[in-house]
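Observations on the three-dimensional arrangement
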Amino acid sequence: MDIQTLRKDHPDHWMRAAAIRTLTLDAVAAANSGHSGMPMGMADVATVLFEKHLKFDPKAPRWADRDRFILSAGHGSMLIYSLLYLTGYSDMTLEQIKNFRQWGAITAGHPEYGHVAGVETTTGPLGQGIANSVGFAIAEENLRARWGAKVQDHYTYVMAGDGCLMEGVSQEAIALAGKQKLSRLIVMWDNNGITIDGKVSLSDVTDQRARFAASGWNVLHCDGHDPVDIDRALTAAKTSDRPTLIDCKTHIALGHAAQDTSKGHGALTDPAQMAAAKEAYGWTSPAFVIPAKIKAEWEAFGARGAAARAEWEGRMAALSPAKQAEFARIFALDVPNKLAQTIRAVKKAASEAGAKLATRSASEKVLAAVNPILPETIGGSADLTGSNNTKTADLGVFGVEDRKGRYVYYGIREHGMASAMNGMVLHGGVRPYSGTFMCFTDYARPAMRLSALMQVPVVYVMTHDSIGLGEDGPTHQPVEHLAISRATPNTYVFRPADLVETAEAWEIAFTSKTTPSVLALSRQNLPTVRKTHNNNNLTAKGAYVLAEAEGKRQVILMATGSEVEIALKARDMLQAEGIGCRVVSMPCMELFAAQDEAYRKKILPGGAVRVAIEAGVRMGWDRWLLGERGRDGKCDFVGMSSFGASAPMERLYKEFGITAEATVAKVKALL
């Protein structure tokens, strides 16, 4: 439908949509940067969605039963900022719009969760939003089954562009959604045929409708500028028993000289072209000015949700006080008091038993104790359930047949899995964790970074954490992955040495509200090193003295995970020769770095030589070897400086020099 027909046949709709387009043009011009074309192209779809379909209340942006709106094409951020301002979100002021992309403004270049009340997830890395949406939809299905439709009954709407659909993670996401028949998930595809380089046909010939249909989706289409046709498609989508793709045929940068060109994707700042576009829209107001009538109409759309929210609050009030408190607890990411008691019991039993156990199996023991008292957990694995040990007997399997199930078989989809877990936490009411091999953090990495950036406490269970996995060889043996994870801000990387430290790591991971956790767990059996029970969570300190020197302290050995055993053996050898040796277990560098100077000095005093032992690369260890009162020439590292090899674990440790004997030799060379 062309502009003149739209203006004639749907004048009120047209001017409301024009408000989005003109705010976008004005904000991008003021910033002299941004992406104008997507908001201008999808303004009609957004207007119909917010006017006729989306259940939301700007006065209660975190209302638990609201519909979720995800702008997967995050570069078009002025679309969502315009919508939030127009509908009356208090934090999205006109001043924020005017300061688009400026220091201190909440209107960042790409929408950021936690900065803006109506932004459900951070988008911009293409494909992440649509992949997050699968997690939102899984959480909604699970909570609706467990709590009933009176408590949880809503949709997740996504706007995605060609870039989102080209990114590989989108296929992982849509295949999972199709398999799970997530019928409350509706994706609106901004089908404008344009990318930055030019026409989509330069790089892609995919029949997207056929692709989604083949993945188990309901597929519809509409004229993305005809409000009647858009409304028809959205109404039909809500009747499907499967997730729905709506192919919205649009013009990028509608009405501008750059319409239907790659230039339309970016910042449209030419004053004459802006004036011409506004004239085509019939828009006569000055920059950033929305006529009172149009603003009032938009605010009325926002106010409409107050009644639905009030009805929901009434239904919540009818629940028992215990159920109300439990619902509030899970959405606040609080844990029951019983968690600490349960963890202590696991630790005490482990210290007393003194068993030899792989930390992946130790993790399973912890989960078996904890999952029954944390009904909000949803576990999973990327087709490695038996190796990651992430499924416990009480969970059941989430699927079409059992929406109450709390274990997801993600298939070989690490990236989609990680992105979905982000969506689950962001939805609220669930705490997800899932597993794969540590080496395959490479596949999950973009979503792991966004967990940290958004400050959402996803738990990544990464087993087979070193050359200790043995014969599978260097393709599966992580050597750089601990360093990569530790280099990421706001991420806890735990590498526990035994069941006790594993239990402590899980306690921290499950009580965190703003930091994701990576649990690096061994394939091989490890001895119990914490043989004396301590109620305190020593892992929470990041590092602690596991074995003190006898006599004058000349050496400090630092180690993590499977190499703590090697450090203890080296200590015995050194002590036998009269060389006093302290062993420090360092299960979490990030938590140790967060301790005050006095504690760090107590654990790592000056004077003694230092050797760190870890079956990974040295990167990250120099802070503890050279810094914190350490000295160059009085420290060394026992670990990896190359990729691994295919052989039995024992042979690998010997060949790569990660042994007690090699450690002792390095210590003596430093003394």
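Look above for the structure.
The present account deals with the structure reproduced in this document. This one's a predicted model, so the numbers in the text were calculated from it and none came from an experiment. (Residues numbered from 1 in each chain as written. Predicted model: local features only at pLDDT ≥ 70, side-chain atom pairs only at ≥ 80, totals over all residues. Heavy atoms only, no water.)

Notes on the sheet that holds strand β7 (residues 244–249)
- Read from one edge to the other, the open sheet built from five strands follows the order β1-β2-β3-β7-β6, with strand pairing classed as parallel. Only two strands of the sheet have a single neighbouring strand rather than two, namely β1 (68–71) and β6 (218–223). Taking each pair of neighbouring strands and ignoring which way they run, the sheet shows an average axis angle of 20 degrees.
- Strands in contact with helix α6 (residues 128–147) are β1, β2 (156–161) and β3 (185–191); relative to β2, the strand with the most contacts, it is inclined by about 165 degrees. (Pairing = 2+ DSSP bridges. Helix = DSSP H or I, 4+ residues; strand = E, 2+ residues; numbered from the N terminus. Axes fitted to C-alpha atoms, helices over the stretch in contact; angles between N-to-C directions. Contact = heavy atoms within 4.5 Å.)

Observations regarding the side chain of T121
- Secondary-structure assignment places T121 in the loop between α5 (94–98) and α6.
- Here T121 falls in the buried class, since its relative accessible area comes to 4%.
- Of note is the side chain of T121, whose polar atom sits 2.8 Å from the side chain of N132.
- Every residue in contact with T121, bar those within four places of it in the chain, is listed here: I70, P111, Y113, N132, F136, L426 and M454. (Buried < 20%, exposed > 50% of the residue type's maximum accessible area, 1.4 Å probe, protein only. Polar contact = N/O pair within 3.5 Å; in protein donor to acceptor, adjacent residues only side chain to side chain.)

Quick word on the pairing of strand β12 (residues 459–463)
- Among the five residues that make up β12, five are buried, leaving the element largely enclosed by the rest of the structure.
- Burial along β12 is two-sided: the face carrying V459, V461 and T463 and the face carrying Y460 and M462 are both buried.
- Bridge count between strand β11 (residues 431–437) and β12: five bridges; the pairing is parallel. The residue bridging S434 from the neighbouring strand is Y460, located in β12.
- With respect to chirality, the unit in which β11 leads through helix α18 (residues 441–454) into the neighbouring parallel β12 is right-handed. (Right-handed = clockwise from strand over helix to strand, strands pointing away.)

Some points on the packing of aromatic side chains
- Enumeration over the complete set of coordinates arrives at 20 aromatic pairs.
- Centre to centre, the rings of F56 and Y89 are 6.4 Å apart; their planes meet at 0 degrees, and the pair counts as stacked. Taken together, the positions of F56 in the loop between α3 (37–53) and β1 and Y89 in the loop between α4 (77–87) and α5 put the pair 33 residues apart, joining distant regions of the chain. Neither residue differs from the other here; F56 and Y89 are each classed as buried.
- Here the guanidinium or amino end of R184 rests over the ring plane of Y155, the centre of that ring lying 5.0 Å away.
- A cation sits over an aromatic face here: K541 above Y599, 5.0 Å from the ring centre. (Phe/Tyr/Trp six-rings, centres within 6.5 Å; stacked < 30°, edge-to-face > 60°. Lys NZ or Arg CZ within 6 Å of the ring centre and 35° of its normal.)

Section: the pattern of salt bridges
- A full pass over the atoms with the stated rule returns 45 salt bridges.
- E376 is the salt-bridge partner of R329, the closest N and O atoms lying 2.8 Å from each other. One end of the pair, R329, is in helix α13 (residues 321–331); the other, E376, is in the loop between α15 (359–370) and β9 (377–381), with 47 residues separating them in the sequence.
- For E376, a relative accessible area of 1% gives the class buried. (Salt bridge = Lys/Arg side-chain N within 4 Å of Asp/Glu carboxyl O.)

Focus on the environment of H110
- Checked against the element boundaries, H110 lands in the loop between α5 and α6.
- Placed 561 residues apart in sequence, H110 and L671 show a C-alpha to C-alpha distance of 54 Å.
- Those residues in contact with H110 that lie beyond four places of it in its chain are G74, H75, S77, Y81, R101, T123 and G124.

Comments concerning the sheet that holds strand β17 (residues 553–559)
- Read across the sheet, five strands follow the order β16-β18-β17-β19-β20 without closing on themselves; strand pairing throughout is mixed. The sheet is open, and its two borders are formed by β16 (544–547) and β20 (635–638), each paired with just one other strand. The sheet shows a mean angle of 30 degrees between the axes of neighbouring strands, taken without regard to direction.
- Pairing analysis gives six bridges linking β17 to strand β18 (residues 580–585), with the strands arranged parallel. When the sheet's bridge partners are listed, A559 is paired in β18 with S585.
- Its contacts with the sheet put helix α21 (residues 563–576) on β16, β17, β18 and β19 (609–613), and the angle it makes with β18 is roughly 170 degrees.
- Against the sheet, helix α26 (residues 660–670) contacts β17, β19 and β20, and its axis sits at roughly 155 degrees relative to β19.

Considerations on helix α2 (residues 11–31)
- For α2, with 21 residues, the first-to-last C-alpha span of 30 Å sits near the 30 Å given by 1.5 Å per residue.
- Counting buried positions along α2 gives 16 out of 21 residues, so the element sits mostly inside the fold.
- Looking one or two residues beyond α2, the residue adopting positive phi is N32, at roughly 60 degrees. (Expected span 1.5 Å × (residues − 1).)

Some remarks on α18
- Between its first and last C-alpha, α18 extends 18 Å over 14 residues, near the 20 Å set by a 1.5 Å rise per residue.
- The sharpest bend along α18 reaches about 40 degrees and sits at A447.
- Those residues of α18 that fall on the buried side of the exposure criterion are T441, A444, A447, M448, L450, S451, A452 and M454.
- The secondary structure elements touched by the buried residues of α18 are α6, α17 (414–427), β11, β12, α19 (481–487) and β14 (517–521). (Bend = angle between axes of the 7 residues up to and from the residue.)

Quick word on the nonpolar core
- With 68 residues, the main nonpolar core has M159, M188 and I246 as its most contacted residues.
- With ten residues, α2 is the largest single contributor of residues to this core.
- With residues near it in sequence (within four places) discarded, I246 still touches I186, V187, M188, W189, L220, C222, A233, L234 and A237.
- With 61 residues, the next largest nonpolar core counts F136, L245, V425 and L482 among its residues. (Core = buried A, V, L, I, M, F, W, Y, C linked by side-chain atoms within 4.5 Å.)

Everything listed here is a matter of coordinates, which is why it stays silent on function.
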